[in-house]
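Structural description and commentary
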Protein chains: 2
Amino acid sequence: MMNQAILSNTKTFFCLFLFIYLPTYLFAQHTQLSGMDQLQWEKVLPGVWKASIGKLKLNALDYTSGPKVEAIKKLGEADFPFSKTETYHHKTPSRIGVRLPLEKEEKIYGLGLEFEGINRRKQVYTLKVDHYGGVKGYTHAPVPFYLSSKGYGVLINSPQRVKIHLGVGNRKDSQLPQAVDRTTGGSAWSARPLSDAVEASAIGTGMEVYVFAGNTLLEVVQRYNLYGGGGVLPPKWGLGFWHRVHTQSADQDVYQEIADFKKYNFPLDVIGLEPGWQDFAYPCSYDWDSTRFPKPEAFVRKLSQQGIKVNLWENPYVATTSSMYESIKPYTASHTVWLGEVPDYTLPSAQEVLLAHHQKNHLDIGISGYKFDEVDGYDFWLWPDHATFPSGHDAVEIRQLYGIIIQYLFQEQLKKQNKRSYNLVRSSYIGASDKSSVIYSDYYKHRPYVTALANASLAGLLWTPEIRSATSAEEWIRRFQTVSFSPLMMLNAWYSGTKPWSFPEVTDMVREVILLRKRLLPYLYTAFYEYQSSGIPPFRAMVLEQGFVPDEKLVGGQLDDIANPYAELKRLEVSDQYMMGPSLLVAPVFTGEKSRKVVLPKGKWYDFYTGEYVGDGETISLEAQLDKIPLFVKDGGIIPMIAAGEDLNSTAPKLEVRHYGTQANRYLLYNDDGESYNFEKGQYSITEFQVEYLKNGRPQGKSKAITANQSYYNPELEWKWMTSKER
Amino acid sequence: MMNQAILSNTKTFFCLFLFIYLPTYLFAQHTQLSGMDQLQWEKVLPGVWKASIGKLKLNALDYTSGPKVEAIKKLGEADFPFSKTETYHHKTPSRIGVRLPLEKEEKIYGLGLEFEGINRRKQVYTLKVDHYGGVKGYTHAPVPFYLSSKGYGVLINSPQRVKIHLGVGNRKDSQLPQAVDRTTGGSAWSARPLSDAVEASAIGTGMEVYVFAGNTLLEVVQRYNLYGGGGVLPPKWGLGFWHRVHTQSADQDVYQEIADFKKYNFPLDVIGLEPGWQDFAYPCSYDWDSTRFPKPEAFVRKLSQQGIKVNLWENPYVATTSSMYESIKPYTASHTVWLGEVPDYTLPSAQEVLLAHHQKNHLDIGISGYKFDEVDGYDFWLWPDHATFPSGHDAVEIRQLYGIIIQYLFQEQLKKQNKRSYNLVRSSYIGASDKSSVIYSDYYKHRPYVTALANASLAGLLWTPEIRSATSAEEWIRRFQTVSFSPLMMLNAWYSGTKPWSFPEVTDMVREVILLRKRLLPYLYTAFYEYQSSGIPPFRAMVLEQGFVPDEKLVGGQLDDIANPYAELKRLEVSDQYMMGPSLLVAPVFTGEKSRKVVLPKGKWYDFYTGEYVGDGETISLEAQLDKIPLFVKDGGIIPMIAAGEDLNSTAPKLEVRHYGTQANRYLLYNDDGESYNFEKGQYSITEFQVEYLKNGRPQGKSKAITANQSYYNPELEWKWMTSKER
């Protein structure tokens, strides 16, 4: 008995050690980072937590329509994705820093509009709103929101330039790997040893950290987007073809341009006017140039009658000659940009001046929206970091948020008039997803454009790989193919004066791909509805796709005292393909390529054009065809399109509903008036398409109105069995 | 009389207006920049003024030997170079800013170790200690000291990263140029309108501004250098030939290397040991590797007996295996670098640990100095901006000053032992001129190396265009020519294992140029003495040369929506030639060049090799000769060299004194023991060389001891009339 007791005591002690002492010991190790305090987390919505340090003076989330609470609740509860006791914050003489844990295998995605790479681990980014040009994190839309392959997202909400170390850098009191002697260690030595944390910091005294959880990475992105108000639903015209005319064009030139579009049989939905529509630009007057546009109202009306919207270029810097100059003058910064004054649009009085002027001179006569230029970068001409603003906000913070604030102001203004819009903007930030703007840039490399398109989806952004010019017919059609499968299909000929038919050898191909994009409107518009209501990006990086295995290789690492003195490895990734809508995989081909590889997620995939089976969870190689952008459809994919031969501008066209593969499926088609906010009051239609297989193995398609509203499409539709026909 | 009185009153009023009211009004315009306060200037020395804003926590000038007051006084009084009432400072929520006036025609030079361009006007620099790689102002030695072509210099003394706008950016209340409508303005529109100020700012609450005046730009540089303690006078061995052996070399390999140098008849003054001399490196142990160097003391002694000094590579990050680890541990930062701890060398206790260890293990056995690596850049592995240090200093400030502090500590340590040193360092900052270190880099482009060599002289820096490898014999000799006419003549073969004779086709030429440099020691050493005593840089940018007219062209400016969307002009400058000592102009030739242009300052110039006249204040074009680096001598130039055939290691070699051109002249030759600080106690010699023309037109040279001390040179010397012989 005695022995038993001893044994039992020993057991008890062992159990105590194992379950109480040991965890406490390990726990203690985690919580004793010197000079740091633990973050205090507050659950704000299911799967969304927040920790605050100090107070934000300027908060990008204040410029969103606010969390879509019901949609987030619908995603359900989720667990906090890492140990709260391993989350820290601290202060230095000039910065606030936070530290969050990172496991060995985690990959990191996101951070906004990045043109290179997908996995950002082992990198350091300084997230500065700027032109894109080589500095890591300096980009048109740097967003301090990162995603982990483990299935969570973290937003560092700061209006300052967040500097973030993603699994690079080791605290001396962290779990350090073994150091290696470089002289003898060979490739075991690494210039960037494995680190167990993400550390981020910014100047100032206030910062918020949000954690977004999810069952999938897509769900994490949805929560982030929904927290900022959900995605944008553009007006239908926004998804058509955009053409920006030469900056010196007058009304007559535009009429000629439109006539040429008709002559060449090209669709045209939006005409963009560049600086020359104003009587002074760079800095801007925002007043019509009476020589080039003597009757703006009549001009806009004339275009409207032909179904063409007008978009106006502008930058925010006000010329002294502007009719709004005197009114805005009291609310401008210490410094000018191109000698134009810089309004402090955090001030309601400044906002009123801007909106009143633009309402009267542009919106009241039917202007559809703007291209907000020069809100991003180049320290050589933007206001300096040491400028002062009448609101007292820091110049750096105002620069970081300038683009997002302007987007917000016009969106709210137009919403009051029950009008949706679709705009262009050259900077964006946190809380971009509910904004009706697409980002563009002066940068012009085709392959990085596609990478940016994919990365944009990880941060609530939309990006257009706009076309300006090309050095060959091949480049011309390749760029048109990509832009036709992007959020905004545009030829920006402000300087080059190019036309879609500028390379006659490929004119038919260019027309064909534009028309294909336009025929896909029912599918794409529904995808945007999903963005708006559920936060699912219509264009998505492959890492958001279930069953996709990122194909990442580390190469190089050879020491070279000139080219690679630290013997660093280089990461090769698949960043040149993406998803559009629920079931379409887009794999653009680049100039000079005779073939390309495509990484297919798990599940069967089919060629969009032929319906043929192409592979399942594998990397396929395909021959490049000049006239086709490679498109693949997921097994069971249902793709509603405007039927061939239908008038693409008809409000109730007949549909062709395609089905790919051999799976039964269900698809909900969304529709509404295409331009107002009435859908928010329930004025929209959902039509269910259902594909079942009959006993004889043949597929059958059914459609059913789910909502009381009319479909807006011609109810007579044509099923097309893209794969089954072959059986 | 009444009328007279009225007239008189009118006159009085007019006069009052003209002389009192109007100036007050104009003055008022200058002093009413909104939200800014005028700087309060205090004269600290003749031609040196200071204005303080708040208080600096860490001050780079504290790590200098302090102003050379007498030498500055000798330069005499000078006027404050611009209007004090046009100098301002202000605060923003996160920054301190200053504003100083700039006239339309002023050119701006300086800012530290810049590899591109000379005139910095219309640029924005963020002066961050970092590797050099594309971001403007990120460099190994960014120095917030700029020079104006108007003849003054400004030091923004801050330990933070100063962001400086040099004549770019316009305050709305400044003297604005006329804005231009870009659509119609053509080339009159500029993306960077003319600005009337330099504006600089930094994070934090303290900043000092110094103004240095001078009769010439050189005098301004002298004042700056003298304020930081004057220039460095290296030991003579430091100006010889340096060879860094492969990182895995053992003592026997070094002996073999030395034998090879003898065999190939190459001089060798310093052997540099790379990481492998330590038993652990990256992070570092600072302890000898007992396998490769079992008897360090005997090794150093053996080399010393052959007149060869030993220099040790190290970086500041301490390995846990180091014998100084336990002692330094209490004084390290929150973060590691390559898993090594980062000492806070602002703390005296940490300094003591470092110096005690190094004294005992290296200096006591005869190590001559160090190569301080990795004190500059790469955010991927250096400590993050949000790291914390036990002293409480900001991590950014410590990074900015790390290199300068380490240089200072060792210099002071060796000075206590009455030993001069010459070292390599990869970062420097304000107050570098009195430091016995030369900066190097991983960067390896030959032409920018030469630009850096010139720019270094404008900020109290020395730079070596070290050789590591070459892809052709031509590149090999071209690089050797440049490095032989630089502050530190070194082949750094740490990885490549190259030898001076690695390209047999040019081995003789390489030897020849090294020997030429060594023969020039009396001239070069005297130039360094001038640096030490008067602040005149031994290697100088051409803009410091009287009579030099900078040949600056603006080219380009064609609008292109892809390549140049802002229609920016590009500045072409002469940055590929420089001065060495008072009268030698060096114009390196680059690989592939068959000829090159040289811009000669006003006055007659002569070919160094032949004594032939080459031109006067003009741009000459010369044919490239593979075996010669083009060198030109100013009219009257007196160049003392070690006579041909003399033993270059002799302590009292016979001199050859060359004279060029047709001018009478006087030259003061400096000499001392070449290694101690005894010269500070007057133990040095000055020998005067005087050239006069006799009545028959023939030149006559005289030499005369000026000081009581012996000359250290063989008094028997040979005059060589390089030009006069022709007459």
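Residues numbered from 1 in each chain as written. Chains lettered and ligands numbered in written order. Predicted model: local features only at pLDDT ≥ 70, side-chain atom pairs only at ≥ 80, totals over all residues. Heavy atoms only, no water.

**Some remarks on the overall build of chain A**
A tally of helices and strands in chain A yields 13 helices and 39 strands. Since a compact globule built from 727 residues should have a radius of gyration of about 27 Å, the 27 Å found for chain A is in line with a globular shape. Referenced to the eigenvectors of the C-alpha coordinate spread, the extents of chain A come out at roughly 100 × 75 × 60 Å. When the accessible surface of chain A is split by element, carbon and sulfur atoms take 50% of a total near 26,300 Å². (Helix = DSSP H or I, 4+ residues; strand = E, 2+ residues; numbered from the N terminus. Rg over C-alpha atoms; globule rule 2.2 N^0.38 Å. Areas by Shrake-Rupley, 256 points an atom, 1.4 Å probe, with all protein chains shown as cover.)

**Focus on the relation of the copies chain B and chain A**
Its rotation angle being 180°, the transformation that places chain B on chain A also includes 0.0 Å of axial translation and leaves an RMSD of 0.0 Å. With respect to symmetry, the two chain copies, as superposed, fit the operation of a two-fold axis. Closest approach to the rotation axis within chain B is made by the C-alpha atom of V135 of chain B, at a distance of 3.6 Å. Interface overlap between copies: 100% of the residues of chain B at the interface are likewise at the interface in chain A, consistent with a symmetric, same-surface contact. (Least-squares fit on C-alpha atoms with pLDDT ≥ 70 in both. Contact = heavy atoms within 4.5 Å.)

**Quick notes on the nonpolar core**
By size, the foremost hydrophobic cluster in this structure holds 198 residues, and its most contacted members are L273 and F485 of chain A. The element best represented in this core is helix α9 (residues 395-416) of chain A, accounting for 11 residues. Counting 197 residues, the second largest nonpolar core, distinct from the first, contains Y566 of chain A together with L401, L524 and F632 of chain B. (Core = buried A, V, L, I, M, F, W, Y, C linked by side-chain atoms within 4.5 Å. Buried < 20%, exposed > 50% of the residue type's maximum accessible area, 1.4 Å probe, protein only.)

**Comments concerning the packing of aromatic side chains**
Residues and elements named next belong to chain A. Counting across every chain of the model gives 127 aromatic pairs over all chains. Ring centres 5.5 Å apart and planes at 75° place the aromatic pair W383 and F389 in the edge-to-face group. We note that W383, like F389, is buried. Directly above the aromatic system of Y444 lies the positively charged group of R479, at a separation of 3.6 Å from the ring centroid. (Phe/Tyr/Trp six-rings, centres within 6.5 Å; stacked < 30°, edge-to-face > 60°. Lys NZ or Arg CZ within 6 Å of the ring centre and 35° of its normal.)

**Some thoughts on helix α10 (residues 446-456) of chain A**
All names here are of chain A. The buried fraction of α10 is high, at 10 of 11 residues. Taken together, the buried positions of α10 are occupied by H446, P448, Y449, V450, T451, A452, L453, A454, N455 and A456. Where α10 is buried, its residues touch β6 (108-112), α11 (473-484), β24 (539-541) and β27 (578-580).

**Here's the deal with the packing of helix α11 (residues 473-484) of chain B against helix α12 (residues 507-519) of chain B**
All names here are of chain B. It is the contact of α11 with α12, at a shortest axis distance of 9 Å, that shows an interaxial angle of 5°. As far as their axial angle goes, α12 and α11 are roughly parallel. Of α12, the residues touching α11 (which contributes W476, I477, F480, Q481, V483 and S484) are M509, V510, V513, I514 and R517. Along the lines of polarity and charge, the residues of the contact of α11 with α12 split into eight nonpolar, two polar and one charged. (Axes fitted to C-alpha atoms, helices over the stretch in contact; angles between N-to-C directions. Parallel < 35°, antiparallel > 145°, perpendicular 65-115°, else oblique. Nonpolar A, V, L, I, M, F, W, Y, C, P; charged D, E, K, R; others polar.)

**Considerations on the sheet that holds strand β19 (residues 340-343) of chain A**
Strand order in this open sheet of three strands is β19(A)-β18(A)-β12(B), and the pairing throughout is antiparallel. Both edges of this open sheet fall to β19 of chain A together with β12 (170-171) of chain B, since each of them pairs with a single strand only. As judged from the two bridges shared by strand β18 (residues 332-337) of chain A and β12 of chain B, these two strands associate in the antiparallel manner. Paired with H335 of chain A across the two strands is R171 of chain B, which belongs to β12 of chain B. (Pairing = 2+ DSSP bridges.)

**Some points on the environment of I706 of chain A**
Residues and elements named next belong to chain A. Its place among the elements puts I706 in the loop between β38 (699-705) and β39 (714-721). Overall, the relative accessible area of 44% leaves I706 in the partly exposed class. Measuring from C-alpha to C-alpha, the distance between I706 and L669 comes to 9.6 Å, with 37 residues separating the pair along the chain. In contact with I706, not counting residues within four places along its chain, are L668, I686, T687 and E688.

**Structural notes on the sheet that holds β38 of chain A**
All names here are of chain A. Taken in spatial order, the three strands of this open sheet run β36-β37-β38, and their pairing is antiparallel. Since the sheet does not close on itself, it has two edges, and those belong to β36 (665-672) and β38, each with one partner. The average undirected angle you get between the axes of adjacent strands in this sheet is 20°. Relative to β38, strand β37 (residues 684-693) runs antiparallel, the two sharing seven bridges. Bridge pairing links V691 to G701 in β38. Contacts between helix α13 (residues 521-534) and the sheet are confined to β36 and β37, with β36 contributing the most and set at about 85° to the helix.

**Describing the side chain of N564 of chain A**
Residues and elements named next belong to chain A. Residue position: N564 is located in the loop between β25 (553-556) and β26 (569-572). Classification of N564 by relative accessible area gives buried; the value is 17%. A distance of 3.2 Å separates a polar atom in the side chain of N564 from the backbone oxygen of Q558. Residues contacting N564, with those up to four places away along its chain left out, are G557, Q558 and L559. (Polar contact = N/O pair within 3.5 Å; in protein donor to acceptor, adjacent residues only side chain to side chain.)

**Describing helix α6 (residues 296-305) of chain B**
Residues and elements named next belong to chain B. Taken residue by residue, α6 has P296, F299, V300 and L303 as its buried positions. Here the buried residues of α6 occupy an arc of 95° about the axis, which is enough to place them on one side. In the core, the buried residues of α6 are packed alongside α5 (251-263), β16 (270-273) and β17 (309-314). Just downstream of α6, G307 is the residue with a positive phi angle, here 75°. (Arc of directions from axis to C-beta.)

**Let's talk about the environment of D616 of chain B**
Residue and element names in this part refer to chain B. Looking at the secondary structure, you find D616 in strand β31 (residues 613-616). If sequence neighbours within four positions are ignored, D616 has contacts with L600, P601, K602, G603 and K604. A distance of 2.7 Å separates the side chain of D616 from the backbone nitrogen of G603, its partner in a polar contact.

**Observations regarding the interface of chain B and chain A**
Accessible area lost during the coming together of the parts is what is often quoted as the interface size. Tallying the contact residues gives 84 residues for chain B and 84 residues for chain A. Across the interface of chain B and chain A, roughly 7,000 Å² is buried in total on both sides, 59% from carbon and sulfur atoms. Where chain B meets chain A, there are six salt bridges. As a salt-bridge pair, R468 of chain B and D561 of chain A come within 4.0 Å of each other at their nearest N and O atoms. At the junction of chain B and chain A, the tally comes to 38 residue pairs in polar contact (both at pLDDT 80 or more). (Buried area = accessible area lost by both parts, 1.4 Å probe. Salt bridge = Lys/Arg side-chain N within 4 Å of Asp/Glu carboxyl O.)

**As for the pairing of strand β10 (residues 152-157) of chain A**
Within a regular beta strand, the side chains point alternately toward one face of the sheet and then the other, so they alternate between its two faces. Residues and elements named next belong to chain A. With six of six residues buried, β10 lies mostly within the body of the structure. Burial of the side chains of β10 extends over both faces: Y152, V154 and I156 are buried on one face and G153, L155 and N157 on the other. With four bridges connecting them, strand β9 (residues 142-148) and β10 associate as antiparallel partners. Residue pairing for β10: L147 is matched across the bridge by G153.

**Brief notes about unusual backbone geometry**
Geometrically, the link from Y282 of chain A to P283 of chain A is a cis peptide bond, its omega value of 5° lying close to zero. Inspection of the secondary structure puts P283 of chain A in the loop between β16 (270-273) and α6 (296-305). Positive phi values are uncommon outside glycine, yet L339 of chain A reaches one of about 70°. Relative to the elements of secondary structure, L339 of chain A occurs in the loop between β18 and β19. Note on L339 of chain A: relative accessible area 9%, which makes it buried. A positive phi is found at E374 of chain B, a non-glycine position, where the angle reads about 60°. For E374 of chain B, the position within the fold is in the loop between β20 (369-372) and α9 (395-416).

**Things to note about the pattern of salt bridges**
Under the criterion given, the structure shown has 92 salt bridges over all chains. A salt bridge links D289 of chain A to R292 of chain A, with the nearest nitrogen and oxygen atoms 3.8 Å apart. Judged by its relative accessible area of 9%, D289 of chain A falls in the buried class. Between D379 of chain A and R399 of chain A there is a salt bridge, with its nearest N and O atoms 2.7 Å apart. Here R399 of chain A lies in helix α9 and D379 of chain A lies in the loop between β20 (369-372) and α9, a separation of 20 residues in the sequence. The pair D379 of chain A / R399 of chain A is uniform in exposure class, with both members buried. Each of K128, D130, R161, D379, D385 and R399 of chain A together with K163 of chain B takes part in a single network of salt bridges with overlapping partners.

**A few points about the confidence of the model for chain A**
Residue and element names in this part refer to chain A. Mean pLDDT over chain A stands at 93; residues scoring 70 or higher make up 95%. Taken as a whole, residues 20-29 scores under 50 in pLDDT and shows seven contacts with residues more than four places along the chain or in a different chain. Prediction confidence for the complex, expressed as pTM and ipTM, is 0.93 and 0.92 respectively. (pLDDT = per-residue confidence, 0-100.)

**Some words on the packing of helix α10 (residues 446-456) of chain B against α11 of chain B**
Residues and elements named next belong to chain B. Contact geometry for α10 and α11: axes closest at 11 Å, N-to-C directions at 5°. Between α10 and α11, the angle falls in the class roughly parallel. Counting all contacts with α10, which are made through H446, Y449 and V450, the residues of α11 involved are R478, R479 and T482. Along the lines of polarity and charge, the residues of the contact of α10 with α11 split into two nonpolar, two polar and two charged.

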